[in-house]
Amino acid sequence: MTNKNYDYKNHNTYGGELTSFDFEGHHTITSMASKIQRDFRFDESCKKYLKNKIDK
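Bear in mind that the values here come from a model prediction, so they are computed numbers and not experimental data.

### Re the pattern of salt bridges
All told, the structure shown has one salt bridge when counted by the stated rule. In this structure, Glu 44 and Lys 47 form a salt bridge, with 3.6 Å as the shortest nitrogen-oxygen distance. With Glu 44 and Lys 47 both in helix α2 (residues 29-55), this residue pair falls three residues apart, about one helical turn.

### Notes on α2
Here α2 spans 39 Å end to end across 27 residues, near enough to the 39 Å set by a 1.5 Å rise per residue. Listed in full, the buried residues belonging to α2 are Lys 35, Asp 39 and Asp 43. As for α2, its buried residues are in contact with α1 (20-23).

Parameters and conventions
Residues numbered from 1 in each chain as written. Predicted model: local features only at pLDDT ≥ 70, side-chain atom pairs only at ≥ 80, totals over all residues. Heavy atoms only, no water. Salt bridge = Lys/Arg side-chain N within 4 Å of Asp/Glu carboxyl O. Helix = DSSP H or I, 4+ residues; strand = E, 2+ residues; numbered from the N terminus. Expected span 1.5 Å × (residues − 1). Buried < 20%, exposed > 50% of the residue type's maximum accessible area, 1.4 Å probe, protein only. Contact = heavy atoms within 4.5 Å.

In structure tokens:
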């Protein structure tokens, strides 16, 4: 099965860190959402940093 939404040519986001904890089934909906938000904020901060660097 392939994921048609994934662009293999332009992978420009972090996507998060996988740990053994992720596979042990101990996550709650809240902890999963927090992890996703944290990784998204990291991606956004990288985009802002690069934009500021390019604009200078």
